[in-house]
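Observations on chain architecture
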Amino acid sequence: MTMDVIIYHNPDCGTSRNTLAMIRNAGIEPAVVEYLVSPPSRAQLETMIADAGLTVRQAIREKGTPFAELGLDDPDLTDDQLLDAMLRHPILINRPFVVTPLGTRLSRPSELVLEILPDTHKGSFSKEDGEQVLDAEGKRVV
């Protein structure tokens, strides 16, 4: 299927790998941006966060990052200050963000990506840990 899809991906992250695999299971080969190597611009990051319906604070990753040592838990920090930190330290950008013509999502958990993909899945899909997400007909398992 032809659909412009971008995933801001970290190949070391299981959630990101599962999200990428679900996109491919829908028959779509996305543009994969390894955001730790090629971070988004400030404008792109602001747009992704807004389009996903998140606050800047909700888009920050705390675990496995310099979040605490940078004092980013300070409630007085502005969105601009938080964005500056995310751009200086891309590991602070939560992942994976996925952008499609149907919307933008921070795909945590990974199956949130299904909300912005067409219903073109090729059969069943299970995450790396074995959790089944789609059945044999490509329908979401609830």
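That block above? That's the structure.
Notes on the structure in this doc start here. (Residues numbered from 1 in each chain as written. Predicted model: local features only at pLDDT ≥ 70, side-chain atom pairs only at ≥ 80, totals over all residues. Heavy atoms only, no water.)

Core analysis: the biggest nonpolar cluster contains 19 residues, and Leu 45, Ile 49, Met 86, Leu 92 and Phe 97 have the highest contact counts within it. Sorting the residues of this core by element identifies α2 (42–51) and α3 (79–88) as the ones contributing at least two each. Top element by residues in this core is α3. It accounts for four residues. Of all hydrophobic cores here, the second largest spans 16 residues; its members include Ala 26, Leu 114, Val 133 and Leu 134. (Core = buried A, V, L, I, M, F, W, Y, C linked by side-chain atoms within 4.5 Å. Buried < 20%, exposed > 50% of the residue type's maximum accessible area, 1.4 Å probe, protein only. Helix = DSSP H or I, 4+ residues; strand = E, 2+ residues; numbered from the N terminus.)

Excluding glycine, a negative phi dihedral is what most residues carry, and trans is how most peptide bonds are arranged. Residue Pro 96 is reached from Arg 95 by a cis peptide bond, and omega for that bond is -5°. Position of Pro 96 relative to the elements: it lies in the loop between α3 and β3 (97–100). That bond from Arg 108 to Pro 109 is cis: its omega, 5°, falls within 30 degrees of zero. Inspection of the secondary structure puts Pro 109 in the loop between β4 (103–106) and β5 (125–126).

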